[in-house]
Amino acid sequence: MPLLAALIWIGLWLMPLMVPQASALGQLTSRSLTLSSGVPSATGVSYSFTFTLASTSQVQGLKFLACTSAVSTYPSGSSCTAPAGMSGAGNGFLGATFSSQSGWQGATNFAVDSTGANDCIPSANVLCAKRTDTTSQTATARTITFGGIKNPSAANTPFYVGVYTYTTVNYTAGSRVDFGATASAVVQSLTTAASVAEVLNFCVGATTVDDTTTSVASDCTGVSGTSLNLGTLDSSQINISPWSTDGGDGNNGVAMVRSNAGNGVVVAYDAIQQSGSNHLGTLRISGATCNPTSNTFTDPCINAAGPTQTVFTPGTEMFGMTIAGINSGSTTSYSCTYGGPGNTCDLEPLANYLGGGTTGLETYGTGNGFAWDESGSVVNIASSASSTVKQVDDEALILKFAATPSITTPFGQYQAKTDMIAVPTY
Amino acid sequence: MLNKNRSLALIAVLISGIAVWLWNTGQSSAAILFQRSVVISTAVPSAVAVDSFQFNVPTASVLGSIVFQYCSNSPSFYQACIAPVGLDVSAASLTSQFGNTGFSIDAADTTANQIVLTRPAAAGLITTSGYVFDNVTNPSAASPSTFVKISTYSSTDGSGSYNDTGAVAFAIQNIFSVGAYVPPFLQLCVAIIVAPDCSTMSGDSIDLGTLSSQHANAGQSQFATATNDPTGYIVYALGNTMTSGNNTISALSLPTPSFPGTAQFGINLRANLLPPIGQDPVGLGTAAPTANYNIPNKFMFLSGDSIASSDLTTNYNRMTVSYLVNVPASQPAGVYATTLTYVATVQF
């Protein structure tokens with residue numbers, strides 16, 4: 001009798017060893033955890049779990065257990081310590097929401113279970129999800145993603161998430177089917193810093209280019225010339241650059257700009273005041289005395305068109321300048337097509353210096369007339385400040401000058417001088 | 001001895017490390033001066049310019065000095081500055097300031113390519129600030145880019161670690177000239193009828209009809225003239241009186257009214273009533289008939305006389321030449337004619 005009692009006692013002792021426990025669970029394979037952000041304490045992070053089931057039984061419950069060690073996530077593991085920052089209200093999985101799933105058999109999606117039961121009680125490091133769907137599974141890969149998670153707080157520290165599958169929606173221990181541990185880490189943000197120096201390349205010269213596409217020069221190093229010649233003026237005509245006959249040199253003026261100023265770049269001019277008296281900034285015989293009043297056609301100063309754009313009439317003495325268009329032949333950083341509703345250049349001629357068309361519907365040419373402020377004041381003629389992109393890559397203003405004499409304009413060699421200025425605002 | 005050297009080396013390394021740490025600490029707190037720009041009054045090489053700086057101060061760091069360093073090579077604060085050739089800001093004067101104010105030029109620390117502004121150190125204002133410098137001599141050569149590094153300091157002389165920084169740029173450009181030539185010209189057109197600007201002309205002869213001792217015979221022609229000669233022009237009439245073989249009609253040698261029945265040949269350039277012929281000059285020009293031919297109702301003709309002139313550049317004037325012929329009853333019969341030539345001269 002004592003022997004029987006002893007056998008029964010030994011049998012009771014060994015019985016638990018004969019009941020399938022953790023070692024009987026299937027192993028999730030090809031498992032991984034992908035975080036949408038590895039920044040410590042980042043919020044709204046998506047955790048995407050990928051694994052292949054070992055069992056083909058139905059899966060109606062999922063448990064995700066986050067610990068500081070992999071062993072702690074095992075079914076028979078030691079006590080789980082939640083990763084730093086994955087405990088307490090508002091942390092870890094407590095704000096998690098179901099995002100998506102794929103590869104699962106059965107049409108019903110999982111949902112975060114904020115109540116839980118039995119083997120799965122939600123907390124900051126325990127996430128429960130369930131669905132009511134008894135469809136048998138295949139031993140194939142699948143994913144499930146949850147959003148709204150707050151990352152652990154310790155930088156450069158790994159953490160582990162054990163994944164459990166259950167055949168029931170109430171996570172009973174007996175319905176636990178497969179298990180596998182995943183690992184991830186949040187890391188210190190790495191900041192790579194660099195500075196881009198301020199850039200301004202601005203040059204003025206003469207060019208035979210008379211369109212918006214032919215390259216004036218590859219960049220400012222190829223722009224040259226300090227003058228252009230309108231040739232011999234005749235009251236029966238308007239000499240508009242490029243003027244190639246009667247002594248004209250066939251050149252336009254050009255001002256090329258490259259700037260990375262974030263607030264745009266403005267191109268301006270001022271008329272150099274020459275020697276002589278009165279009207280020193282217009283097309284004039286240097287050193288001559290001109291009438292103090294304007295609109296006189298008998299002095300050796302050809303009337304300046306003034307700050308307001310004017311269409312010239314042959315024989316009515318006038319001198320001026322306009323921007324025929326923006327040349328993009330040297331622009332490589334972006335597409336710059338000047339004119340019309342498809343204007344994609346960053347520089348834009350300003351009022352009174354837009355040669356043709358209207359802002360937004362520009363045309364290449366001089367149909368709008370010319371302007372010239374002889375006072376010596378700085379006059380803005382083009383800018384990228386109003387462009388969506390304010391940086392400029394070797395866009396070139398094609399500057400056209402024009403003059404016509406009166407019948408009484410004294411003979412002689414006339415000259416106007418200009419000072420071109422670029423003002424980038426960084 | 002060896003231990004002493006090692007100690008000294010260790011101290012040196014520590015000092016260097018501390019210095020680097022302090023430098024890095026100082027720079028790492030620097031913020032960017034944003035919305036920054038410089039406007040130069042002229043981009044002409046070697047010209048004396050006014051440089052107007054503007055930028056937003058981003059921090060309230062103690063502000064005791066601002067340094068404007070002009071460099072030809074780079075806007076980077078990590079690169080040594082190469083002074084632009086010919087640039088001289090040593091004589092610059094601060095003509096205006098706004099935003100963070102109270103500055104004056106620190107002459108002791110200002111150099112040919114660096115302006116140092118100083119004031120008693122005080123907390124900076126986070127605001128747009130501007131500084132205008134007069135008497136800045138531009139670099140002597142054209143360049144597509146010249147940089148100015150701007151940095152603020154807590155110290156009053158631009159020493160120590162800077163607080164806020166930023167660079168701006170401008171370009172130096174040669175003067176661009178536009179040339180044109182206006183040629184000398186003299187425009188003269190002569191015909192029976194000419195447009196005021198010589199654009200049209202018609203006719204080259206006048207038929208005065210049958211001469212009579214009872215009334216004057218008259219006719220007219222026109223010429224128009226303009227010049228851009230600053231000394232103007234003179235128009236001369238050349239020719240003879242009216243003749244028919246050896247018979248002539250005497251020309252009037254002085255301005256004389258018409259007397260039918262006497263031998264008279266003359267011209268003038270005015271509108272006349274006796275006889276009713278001619279027009280006064282028209283046009284925007286400054287020319288006028290010369291005195292002897294500028295009296296209504298009086299005529300004369302002397303070959304080679306100047307009949308109209310302007311003493312300065314002039315637009316077109318159209319003159320109408322009236323021809324008067326009177327004959328006595330004894331005037332021999334015949335066909336009387338003459339050819340007159342009008343010549344305009346200038347002194348270019």
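Rules used throughout
Residues numbered from 1 in each chain as written. Chains lettered and ligands numbered in written order. Predicted model: local features only at pLDDT ≥ 70, side-chain atom pairs only at ≥ 80, totals over all residues. Helix = DSSP H or I, 4+ residues; strand = E, 2+ residues; numbered from the N terminus. Buried ≥ 20, exposed ≤ 12 C-beta atoms within 10 Å, placed from the backbone. Contact = placed C-beta atoms within 7 Å. Rg over C-alpha atoms; globule rule 2.2 N^0.38 Å. Nonpolar A, V, L, I, M, F, W, Y, C, P; charged D, E, K, R; others polar. Pairing = 2+ DSSP bridges. pLDDT = per-residue confidence, 0-100. Domains from an automatic or database assignment. Axes fitted to C-alpha atoms, helices over the stretch in contact; angles between N-to-C directions. Core = buried A, V, L, I, M, F, W, Y, C linked by C-beta atoms within 7 Å.

Below, the discussion takes up the overall build of chain B. A count of helical and extended segments in chain B gives one helix and 23 strands. Taking the principal axes of the C-alpha coordinates as reference, chain B spans close to 145 × 40 × 30 Å. Relative to its full complement of 348 residues, chain B shows a buried share of 41%. Of the contacts formed within chain B by residues at least 6 apart in sequence, a portion of 76% connects residues at least 24 apart.

Turning our attention to the overall build of chain A. The number of helices and strands found in chain A is one helix and 24 strands. In summary, chain A has a C-alpha radius of gyration of 41 Å against a globular reference of 22 Å for 426 residues, an excess of more than 25%. Across its three principal axes, chain A shows a C-alpha extent of roughly 145 × 35 × 35 Å. For chain A, the residues scored as buried account for 47% of the 426 residues in total.

This brings us to the environment of Val163 of chain A. Residues and elements named next belong to chain A. Mapped onto the fold, Val163 is located in strand 9 (residues 157–166). By the C-beta count within 10 Å, which is 22 here, Val163 ends up buried. C-alpha separation for the pair Val163 and Glu348, spaced 185 residues apart in sequence, amounts to 61 Å. Setting aside chain neighbours within four positions, we find Val163 in contact with Leu28, Arg31, Phe49, Phe51, Leu62, Phe64, Phe179, Gly180 and Thr182.

Another aspect to go through is the interface of chain B and chain A. Taken together, the contact pairs 40 residues of chain B with 46 residues of chain A. If you list the elements that add at least two residues to the side of chain B that touches chain A, you get strand 2 (34–40), strand 9 (143–153), strand 10 (162–172), strand 11 (176–182) and strand 22 (314–326) of chain B. Per-element accounting of the side of chain B that touches chain A gives the leading share, seven residues, to strand 11 of chain B. Residue composition of the side of chain B that touches chain A, grouped by class: 24 nonpolar, 15 polar and one charged. Where strand 24 (residues 412–424) of chain A lies against strand 11 of chain B, seven bridges are found, and the strand directions are antiparallel. Opposite Ala416 of chain A, over in strand 11 of chain B, you have Val178 of chain B as the bridge partner.

Scored by pLDDT, chain A comes out at a mean of 92, with 94% of its residues at no less than 70. Low confidence marks residues 1–23 of chain A, where pLDDT is under 50. Its contacts with residues over four positions away, or in another chain, come to four contacts.

Between Ser241 of chain A and the following residue, Pro242 of chain A, the backbone shows a cis peptide bond with an omega angle of 0°. Mapping Pro242 of chain A onto the fold places it in the loop between strand 13 (239–240) and strand 14 (252–259). The omega torsion of the bond from Leu274 of chain B to Pro275 of chain B falls at -10°, within 30 degrees of zero and hence cis. For Pro275 of chain B, the position within the fold is in the loop between strand 19 (264–268) and strand 20 (288–289). Located in the positive-phi region is Asn118 of chain A, a residue other than glycine, with phi close to 50°. Structurally, Asn118 of chain A can be placed in the loop between strand 6 (111–112) and strand 7 (126–130). In this structure, Asn352 of chain A takes a positive phi of about 80° despite not being glycine. Assignment of secondary structure puts Asn352 of chain A in the loop between strand 18 (348–349) and strand 19 (357–358).

Our next topic: the domain arrangement of chain A. Note: interface size is frequently given as the accessible area lost on complex formation between the parts. Once the domains are mapped, chain A shows domain 1 (22–186) and domain 2 (196–426). A straight line from the C-alpha centre of domain 1 of chain A to that of domain 2 of chain A covers 70 Å.

Right, let's get into the sheet that holds strand 19 of chain B. Residue and element names in this part refer to chain B. With respect to topology, four strands assemble into an open sheet ordered 12-15-22-19, the strand pairing being antiparallel. The strands lining the two open edges of the sheet, one partner per strand, are strand 12 (186–191) and strand 19. Between one strand axis and the next, the sheet turns through 15° on average, direction left out of account. Two strands pair when backbone bridges link them, and strand 12 and strand 15 (residues 217–227) are joined in this way by six bridges, in the antiparallel orientation. Residue pairing across strands places Ala191 opposite Gln222, the latter belonging to strand 15.

With that settled, the discussion passes to the sheet that holds strand 8 (residues 141–149) of chain A. Residues and elements named next belong to chain A. The antiparallel open sheet is built from four strands, whose spatial order is 2-3-8-5. A single partner strand is all that each edge strand has here, and the edge strands are strand 2 (29–35) and strand 5 (97–102). Shown here is a sheet whose adjacent strand axes are inclined to one another by a mean of 15°, direction ignored. Bridge count between strand 5 and strand 8: five bridges; the pairing is antiparallel. The residue of strand 8 that forms the bridge with Ser102 is Thr143.

Its domain assignment divides chain B into domain 1 (30–172) and domain 2 (186–346). Distance between the C-alpha centres of domain 1 of chain B and domain 2 of chain B: 76 Å.

A separate point is the nonpolar core. Counting residues in each nonpolar core, the largest one holds 107 residues, and the members touching the most others are Val254, Ala255 and Leu397 of chain A. Ranked by residues supplied to this core, first place goes to strand 23 (residues 392–404) of chain A with eight residues.

Bringing the confidence of the model for chain B into the picture now. Across chain B, the average pLDDT comes to 92, with 91% of residues at 70 or higher. Here residues 1–28 of chain B is modelled with pLDDT under 50, and outside its nearest four sequence neighbours on either side it reaches three contacts, counting other chains as well.

Residues and elements named next belong to chain A. By the secondary structure assignment, Tyr166 is in strand 9. A tally of 26 C-beta atoms within 10 Å means that Tyr166 is categorised as buried. Separated by 103 residues in the primary sequence, Tyr166 and Lys63 place their C-alpha atoms 8.2 Å from one another. Excluding its chain neighbours within four sequence positions, the residues that come into contact with Tyr166 are Gln60, Gly61, Tyr171, Ser175, Arg176 and Val177.

Here we come to the environment of Tyr171 of chain A. All names here are of chain A. Positionally, Tyr171 belongs in the loop between strand 9 and strand 10 (176–186). The exposure class of Tyr171 is buried, given the 23 C-beta atoms found within 10 Å. The spacing of Tyr171 and Arg258 is 87 residues in sequence and 67 Å in space, taken between C-alpha atoms.

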